[in-house]
Amino acid sequence: LRVGSETTFPPFEFTEGDKYVGFDVDLSEAIAKKLGLKMEFKSMGFDALIPAVQSGDIDMIAAGINATPEREKALAFSEPYFKEGGFITIVRKDNTDIKKMDDLANKRVGVQIGTVPVEMAKAIPGTDVKEMDSNSNIFMALQAGTIDGAIIDQAVAMYYLKQGADKDLKLVGEGTDAPPFVLGFNKSNTALRDKVNEALKAMREDGTYQKIYDKWFAK
């Protein structure tokens, strides 16, 4: 089972030494095991994932992708596997004029290329939207002061703050709701999608899903 992901999205997928780790990595491994398959995990840019599954280079996307209508035109979706998402604004601790997402108007805003926050940032009047390859680049740009704020996934923001980014950065305003996370497949490969849905259902029933969840998130 060739699984594609963008590995700067902790705690869902990231690197630890020379290993890929995270919630989506463990979930994909467990799905492959349920299907009697071996998992091959491929890391690539977020904007390369849909073309890769369309060309047959990978079989499944496991990268915290939100189930948006736009993506549904290009992919077959699994059943939702994670629903506690949402997006939040993050700024430097010394910033006093951005207190909520709307305050990003007329500011330089960092977002990850190919993600929902790109359109969110562009919808705020006057923003200079900087599309970046990875969340880690967004955090570096914030710390360097080359952007004024960023919109990123709330779970990822909290993870980075917990890892020490809270020395320089802070979350502001309320988080927004977001469509749930789904796994993505080639439109013509609904047979694999259906098998993965069956595996997810079985994993919820036998406690496998909960065990993986508890490993990466608070109980």
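Undergrad: Can you walk me through the sheet that holds strand E1 (residues 2-5) in this structure?
TA: Each strand in a sheet pairs with another by means of backbone hydrogen bonds, the pair being arranged parallel or else antiparallel. What the 5 strands build is an open sheet, ordered E4-E1-E5-E12-E6; its pairing is mixed. Two strands bound the open sheet, and with one partner strand each, they are strand E4 (40-43) and strand E6 (76-77). Of the strand pairs in this sheet, E1 and strand E5 (residues 60-66) are connected by 2 bridges, and their pairing is parallel. Bridge pairing in E5 links Gly 4 to Ile 61. Sheet contacts for helix H1 (residues 23-34): E1, E4, E5 and strand E12 (181-185); angle to E5, the most-contacted strand, approximately 140°. Contacts from helix H7 (residues 190-206) reach E5, E6 and E12 within the one sheet, and its direction differs from that of E12 by about 145°.

Undergrad: Help me understand the packing of H7 against helix H8 (residues 208-216) in this model?
TA: Axis angle and axis distance: for two packed helices, these are the angle between their axes and the distance between the axes, and together they describe the pair. Where H7 contacts H8, the axes come no closer than 4 Å and their chain directions differ by 80°. As the angle between them shows, H7 and H8 are arranged roughly perpendicular. Mapping the contact onto sequence places Met 203, Arg 204 and Asp 206 in H7 and Thr 208, Tyr 209 and Ile 212 in H8. Its residues assigned to classes, the contact of H7 with H8 shows 3 nonpolar, 1 polar and 2 charged.

Undergrad: What is the right way to read the sheet that holds strand E11 (residues 169-176) from this model?
TA: As summarised here, the arrangement of the 5 strands in space is E9-E8-E10-E7-E11, forming an open sheet in which the pairing is mixed. Looking along the sheet, the strands with just one partner apiece sit at the ends: strand E9 (128-132) and E11. The mean inter-strand angle of the sheet, taken between neighbouring strand axes irrespective of direction, is 30°. As paired strands, strand E8 (residues 108-112) and E9 are joined by 5 bridges and run parallel to one another. When the sheet's bridge partners are listed, Gly 110 is paired in E9 with Lys 130.

Undergrad: Mind showing me how you'd approach the nonpolar core here?
TA: One broad rule of soluble globular proteins: the nonpolar side chains tend to lie buried together. Counting residues in each nonpolar core, the largest one holds 50 residues, and the members touching the most others are Phe 23, Leu 27, Ile 31, Met 60, Phe 82 and Leu 183. Contacts of Ile 31, omitting those with residues within four sequence positions, involve Leu 1, Met 60, Leu 183, Val 196, Ala 199, Leu 200 and Met 203. Membership of the second largest hydrophobic core comes to 16 residues, among which are Phe 87, Val 91, Val 109 and Val 111.

Parameters at a glance
Residues numbered from 1 in each chain as written. Predicted model: local features only at pLDDT ≥ 70, side-chain atom pairs only at ≥ 80, totals over all residues. Heavy atoms only, no water. Pairing = 2+ DSSP bridges. Helix = DSSP H or I, 4+ residues; strand = E, 2+ residues; numbered from the N terminus. Contact = heavy atoms within 4.5 Å. Axes fitted to C-alpha atoms, helices over the stretch in contact; angles between N-to-C directions. Parallel < 35°, antiparallel > 145°, perpendicular 65-115°, else oblique. Nonpolar A, V, L, I, M, F, W, Y, C, P; charged D, E, K, R; others polar. Core = buried A, V, L, I, M, F, W, Y, C linked by side-chain atoms within 4.5 Å. Buried < 20%, exposed > 50% of the residue type's maximum accessible area, 1.4 Å probe, protein only.

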